[in-house]
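# Structural overview
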There are 4 protein chains.
Amino acid sequence: MPKDINRYVLLIDCPDAKGLVSKISTALFEREVNIFSNREFVCPESWQFFMRTEFSGTTNHQELLNALQQILPEGANIRLAEKCKKRLVVLATKESHCIGDLLIRSTYDDLNATIEAVVANRVTLGPLVEKFKIPFHLVSSDNRDRLAHAMEMLNIIKTYNPDYLVLAKYMRVLPPEFVSEYKNRIVNIHHSFLPAFIGASPYKQAYQRGVKIIGATAHFVTDNLDEGPIIGQDVVPVNHRFTSAAMSRAGKDVEKTVLAKALDLVVNDRVFVNGNKTIVFD
Amino acid sequence: MPKDINRYVLLIDCPDAKGLVSKISTALFEREVNIFSNREFVCPESWQFFMRTEFSGTTNHQELLNALQQILPEGANIRLAEKCKKRLVVLATKESHCIGDLLIRSTYDDLNATIEAVVANRVTLGPLVEKFKIPFHLVSSDNRDRLAHAMEMLNIIKTYNPDYLVLAKYMRVLPPEFVSEYKNRIVNIHHSFLPAFIGASPYKQAYQRGVKIIGATAHFVTDNLDEGPIIGQDVVPVNHRFTSAAMSRAGKDVEKTVLAKALDLVVNDRVFVNGNKTIVFD
Amino acid sequence: MPKDINRYVLLIDCPDAKGLVSKISTALFEREVNIFSNREFVCPESWQFFMRTEFSGTTNHQELLNALQQILPEGANIRLAEKCKKRLVVLATKESHCIGDLLIRSTYDDLNATIEAVVANRVTLGPLVEKFKIPFHLVSSDNRDRLAHAMEMLNIIKTYNPDYLVLAKYMRVLPPEFVSEYKNRIVNIHHSFLPAFIGASPYKQAYQRGVKIIGATAHFVTDNLDEGPIIGQDVVPVNHRFTSAAMSRAGKDVEKTVLAKALDLVVNDRVFVNGNKTIVFD
Amino acid sequence: MPKDINRYVLLIDCPDAKGLVSKISTALFEREVNIFSNREFVCPESWQFFMRTEFSGTTNHQELLNALQQILPEGANIRLAEKCKKRLVVLATKESHCIGDLLIRSTYDDLNATIEAVVANRVTLGPLVEKFKIPFHLVSSDNRDRLAHAMEMLNIIKTYNPDYLVLAKYMRVLPPEFVSEYKNRIVNIHHSFLPAFIGASPYKQAYQRGVKIIGATAHFVTDNLDEGPIIGQDVVPVNHRFTSAAMSRAGKDVEKTVLAKALDLVVNDRVFVNGNKTIVFD
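If you're wondering where the values come from, they're calculated on a predicted model, not measured in any experiment.

### Quick word on the overall build of chain A
A count of helical and extended segments in chain A gives eight helices and 13 strands. The C-alpha radius of gyration of chain A comes to 20 Å, within 12% of the 19 Å expected for a compact globule of 282 residues. Taking the principal axes of its C-alpha atoms as reference, chain A extends roughly 60 × 40 × 35 Å. Here chain A holds 282 residues, and the buried ones make up 60% of them. When the accessible area of chain A is evaluated, it comes to approximately 11,100 Å², of which 49% is carbon and sulfur surface. A distance of 7 Å separates the average location of the 34 positive side-chain charges in chain A from that of its 32 negative side-chain charges.

This is the structure in structure tokens:
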């Protein structure tokens, strides 16, 4: 893929109206930028219009934003971002497969993001993270009030000024006070094809139900456990020979792949949140 | 595949004990039959032993069964079946994709079974079924008590002496009095990857939840709606452009494929029921 | 999905130039039509621009086409089609699974097309086709010169004035004289994941190679056997227990699904041909 | 899964004969070992019999092997292995995704094997490997004769006494003199769904052909490039928006997953080689 130098992403969402594509694309054309790709969608329920445009070229950004504001309906959200690496803070507990995968990817440029720090409630992953010269913060959750623990993590996280938080098998529920600080910016990986097997021990639930497929779901975190907007999902076949432990083992590959793909979409500004759903311009 | 003439399937399940494979395979060896394939499984929860053996050759079946009865633990279930086409009765409502697929398959030898009759609670599918010269029975459910309706169907079904019943998008719940007549012999196709979206309108539920995969589940019918032993499942990817109707349309292909595959396993004696799960020797 | 009454598809392809989206969408906006969806793509090799727009509303079509012609670069291809059922003629030999599936779909409105006639070089499928009251033409290829045979079929086909031809497991190569009559309008299903196993007996080849996946490919027919633009592909897992015949059997489900999906895209004007590739706005 | 202490795998392959399962399972039963699982297969072409049995318990291994030798046809291959971690040497060039994945897995017990050393013909991966305290040997291939280069690697590899070699995107062809030293013990990952796109630059070939799926193949290395026995394969969907570079990027996830799954099967003694095919008891 070509270098992303001088490459921008314009993200617009607003109530639908006739002529939006015409007006927006004309505004860009008049400023002589070079459009690489355009994606639009109108939600047939909320009648919200979503558009993602990638372009290169030099233009006065503030002037472009002002012009778009004039053209678009009231309440329009307009973001214009230079394509660049996003800053991530990863939260984890003790499983290595998701965070290990992210460390390799970010180190070797397979992820358009940098991992600024890892915050964990167990010490287990410290040695792995430190191999990659990334700060590792242990904030033990033992004998701690949930809110106090979350707020201590939050204080550390804020010092890294992250664009997104990634829950790479972080096995505790985050309180609303924490979630509200990073609305639609916390990506979690859940080890089931939601909404099946919400809550604890999904592989055990899957084993007991005798399903023939297991899966994983990447979603934004909201105040309702396992009910945030889904970004991506995938599954693998299982059979009667799989114990709950074997399902858990097989599921790890899906978990890490689904999380990495979802994150790739998020950090490349390809995901809009539309109520409790996502729009993914992949 | 070779012709199934003089080909038999031996199905055994019993409490696990040391030496079962040795004893059973020696009993067969002594009778000089030719074993094609052997599959075994011991459930790590129930410690029940399951074995499926395909063989050809002439032997005195009653004598073999008696010998096995001597060898095996008390309570052993032993079935010895000649490989032959199973007899099906199909229940349907108005959707054509599953039943259409089964009609084509059974007519052109892509399914090791014959459709003896179709029973429906709507008239819609009559013309399709009759093209294939198969009896079509309309038992309208309008203004009928559930039990009375089911029993009327049951009376018709029994005259065909089916090995299995297939619910090919039959959209009503069957009462326990009906289900108990064909225990572990009624195969249903549910239009979601169970246990997600139990109950009515799963595609509408899927749309509202914003999932990125939809699926279908074939299972044996029990008294608990959508909770019987799962035989097979599969999924297809969807995205934000899919309305609930588009999901329903995309799901039809999975539904008919999952149902046909499950049925293929069932009519070829490849499925054991183990509590609320299945063991599938595919 | 909403009814397709008064719904149109505008298909444009032309050399890329700055401002195309702006100009086209403004032309539509000025005519006050209601755009449902817009898809664009610029090929990074050929620098050809492709756009598909679905809209509803009343406008003078000839006037719109003239206006677009003025706006667009020389050599632009512009098609404006009312969304309506396409007319198909199906060619087949003796396998029932693909044609059976298409007959069920077209009869029950699961395919936005009508099957006007079936032309076959064997008599096998006659009874199936006639169940659906569709003309069946046997043009035997026995002891016939390939060209003469194809031309006899062509004469019959032309009387039905089809939009597309579908090779639903038609097992003979069509001569260039035939293919040129329906350039980019003949859809074939090949029983392998092309370019693996080009030519005859792909399942036998797959068995001999010991692959762990088999597949199917829907493509437009060109003069080079199995090398036309690919519309869609899918695969299924196999293992060492699959004989060549078992692979063939498992492959049938993929073949019919891949063909139906590809056809659905084609008849809904979602497929552009770009050299030897396709652009699919699904 | 239970601990593998005192757990053994018995692998037998020999010409098929009546009574093999009976004789083998009786020999085990008489020695009072506890069988966990049994898998058998008879190749319908070569009429070779393959059996894999997992058992626990104490028995005199040499005595058991002698007894089996008496029972089985001449030319039988019998292996009895304690379940333990296999020793791997990994060969690589410069891509990080496969080797990074294997390093994480082996470090965190997600792979039943240890990486004893990495041998590379480029220096790129040195820093990654050394993070994990694993010996990294650079054997530059610049200006080197293929054979001399391979033999230098071989000398290093032999000092680690590996059970298997893994080519984790090692981008050079190995000469027969090297391959013959580790017959059926070298696992390669090829970045296409073989036999499609044999040879160099498969993603470029895939892009040019316009395929809608890409894939990866894990196989044992033989003297014929990309033609060794296939252990596992998988695919991912692509579309017209994928450049060759984007395909390569999407393919990496499949490559590393397919390689890891194949290796998991191999190091757990689940793969037999049968001519140019594999039998996988998964």
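After that view of the structure, there is still more to cover.
### Let's talk about the nonpolar core
Core analysis: the biggest nonpolar cluster contains 208 residues, and Ile 99 of chain A, Ile 99 of chain B, Ile 99 of chain C together with Ile 99 of chain D have the highest contact counts within it. Among all residues touching Ile 99 of chain A, those that are not within four sequence positions of it are Val 90, Ala 92, Val 118, Leu 125, Leu 128, Val 129 and Ala 168 of chain A. Counting residues in hydrophobic clusters, the runner-up holds 40 residues, among them Leu 20, Ile 24 and Ala 27 of chain B together with Leu 20 of chain D.

### Focus on the pattern of salt bridges
Any two side chains of opposite charge can pair, on the condition that their charged atoms come close. Residues and elements named next belong to chain C. Considering all chains together, one arrives at 80 salt bridges over all chains under this definition. In this structure, Asp 101 and Arg 105 form a salt bridge, with 2.8 Å as the shortest nitrogen-oxygen distance. Residue Asp 101 and its partner Arg 105 are located together in helix α3 (residues 97–107), separated by four residues, close to a single helical turn. Looking at Asp 101, the relative accessible area reads 5%, which means it is buried.

### Things to note about the interface of chain A and chain C
With 14 residues of chain A in contact, the opposing surface of chain C contributes 14 residues. For the chain A face of the interface with chain C, the top three residues by lost area are Lys 18, Ser 22 and Phe 29 of chain A, together amounting to 40%. Inspection of the chain A/chain C interface yields zero salt bridges. Between chain A and chain C we count eight residue pairs in polar contact (both at pLDDT 80 or more) in total. For the side of chain A that touches chain C, the elements supplying multiple residues, two or more each, are α1 (20–30) and β2 (34–42) of chain A. Broken down by element, the side of chain A that touches chain C gets its largest block of residues, six residues, from α1 of chain A.

### Considerations on the packing of aromatic side chains
A full pass over the atoms with the stated rule returns 20 aromatic pairs over all chains. The interplanar angle of 80 degrees and the centroid separation of 5.9 Å between the aromatic rings of Phe 272 of chain A and Phe 281 of chain A together place this pair among those described as edge-to-face. The same class applies to Phe 272 of chain A and to Phe 281 of chain A, which are both buried. Positioned above the aromatic ring of Tyr 207 of chain B, the side-chain terminus of Lys 277 of chain A is 3.2 Å from the ring centre. Between Arg 7 of chain C and the ring centre of Phe 36 of chain C, over which it is positioned, the NZ or CZ distance is 3.7 Å.

### As for helix α1 (residues 20–30) of chain C
Within the span of α1 of chain C, buried status applies to Leu 20, Val 21, Ser 22, Ile 24, Ser 25, Ala 27 and Leu 28 of chain C. Packing partners of the buried residues in α1 of chain C comprise α1 and β2 of chain A together with β1 (7–15), β2 (34–42), β3 (48–56) and α2 (61–71) of chain C. Glu 32 of chain C, located one to two residues past α1 of chain C, shows a positive phi value of around 60 degrees.

### Here we look at the environment of Asp 253 of chain C
Topologically, Asp 253 of chain C is positioned in helix α8 (residues 244–267). Residues Asp 253 of chain C and Ala 216 of chain C, 37 residues apart in the sequence, show an inter-C-alpha distance of 9.4 Å. Only 2.6 Å separates the side chain of Asp 253 of chain C from the side chain of Arg 105 of chain B, close enough to count as a polar contact.

### Concerning the packing of helix α3 (residues 97–107) of chain B against helix α8 (residues 244–267) of chain B
Residue and element names in this part refer to chain B. Packing of α3 against α8 leaves a shortest axis separation of 9 Å and a crossing angle of 45 degrees. Here α8 runs oblique to α3, going by the angle between their axes. Crossing angle aside, the handedness with which α3 passes α8 is right-handed. Along its contact with α3, which presents His 97, Cys 98, Asp 101, Leu 102 and Arg 105, the element α8 presents Lys 252, Glu 255, Lys 256, Leu 259, Ala 260 and Leu 263. For the contact of α3 with α8, the class distribution of residues is five nonpolar, one polar and five charged.

### Examining the layout of surface pockets
All names here are of chain A. Empty space within the second largest pocket amounts to approximately 580 Å³. Considering the residues around the second largest pocket, the lining is formed by 31 residues, among which Tyr 170, Met 171, His 190, His 191 and Asp 226 are closest to the centre. It is helix α8 (residues 244–267) that provides the largest number of residues to the lining of the second largest pocket, a total of four residues. In terms of residue class, the lining of the second largest pocket is built from 13 nonpolar, 11 polar and seven charged.

### Points about the domain arrangement of chain A
A common measure of how large an interface is: the accessible area buried when the components associate. Residues and elements named next belong to chain A. Each assigned domain of chain A is listed here: domain 1 (7–82) and domain 2 (86–280). Here domain 1 and domain 2 have C-alpha centroids that lie 31 Å from each other. Across the contact, 14 residues belong to domain 1 and eight residues belong to domain 2. Between domain 1 and domain 2 lies a buried interface of about 860 Å² when both sides are counted; carbon and sulfur atoms form 55% of it. Counting the surface domain 1 buries against domain 2, the share from its top three residues, Leu 11, Phe 50 and Arg 52, is 49%. With a closest N to O distance of 3.7 Å, Lys 277 and Glu 45 form a salt bridge. Seen at the junction of domain 1 and domain 2, the total is four residue pairs in polar contact (both at pLDDT 80 or more).

### Observations regarding the interface of chain A and chain B
Contacts between chain A and chain B engage 33 residues on the former and 33 residues on the latter. Buried area between chain A and chain B, both sides added, is near 2,700 Å², and the carbon and sulfur share of it is 59%. Three residues, Arg 209, Lys 212 and His 240 of chain A, lead the burial of chain A against chain B; their summed loss comes to 26% of the area buried on that side. Taken together, the connections running from chain A to chain B amount to zero salt bridges. For the pair chain A and chain B, the number of links is 14 residue pairs in polar contact (both at pLDDT 80 or more). Mapped by element, the contributors of at least two residues to the side of chain A that touches chain B are β2, α7 (202–209), β11 (230–237) and β13 (277–280) of chain A.

Scoring rules and cut-offs
- Residues numbered from 1 in each chain as written.
- Chains lettered and ligands numbered in written order.
- Predicted model: local features only at pLDDT ≥ 70, side-chain atom pairs only at ≥ 80, totals over all residues.
- Heavy atoms only, no water.
- Helix = DSSP H or I, 4+ residues; strand = E, 2+ residues; numbered from the N terminus.
- Rg over C-alpha atoms; globule rule 2.2 N^0.38 Å.
- Buried < 20%, exposed > 50% of the residue type's maximum accessible area, 1.4 Å probe, protein only.
- Areas by Shrake-Rupley, 256 points an atom, 1.4 Å probe, with all protein chains shown as cover.
- Lys, Arg positive; Asp, Glu negative; His and termini not counted.
- Charge placed at Lys NZ, Arg CZ, Asp CG, Glu CD.
- Core = buried A, V, L, I, M, F, W, Y, C linked by side-chain atoms within 4.5 Å.
- Contact = heavy atoms within 4.5 Å.
- Salt bridge = Lys/Arg side-chain N within 4 Å of Asp/Glu carboxyl O.
- Buried area = accessible area lost by both parts, 1.4 Å probe.
- Polar contact = N/O pair within 3.5 Å; in protein donor to acceptor, adjacent residues only side chain to side chain.
- Phe/Tyr/Trp six-rings, centres within 6.5 Å; stacked < 30°, edge-to-face > 60°.
- Lys NZ or Arg CZ within 6 Å of the ring centre and 35° of its normal.
- Axes fitted to C-alpha atoms, helices over the stretch in contact; angles between N-to-C directions.
- Parallel < 35°, antiparallel > 145°, perpendicular 65-115°, else oblique.
- Left-handed = near helix turned anticlockwise from the far one by under 90°.
- Nonpolar A, V, L, I, M, F, W, Y, C, P; charged D, E, K, R; others polar.
- 1 Å grid on protein atoms, 1.4 Å probe; cavity = no way out; pocket = protein on both sides within 12 Å on 5 of 7 lines; lining within 4 Å.
- Points joined across faces, edges and corners; volume = space filled by probe spheres on them.
- Domains from an automatic or database assignment.

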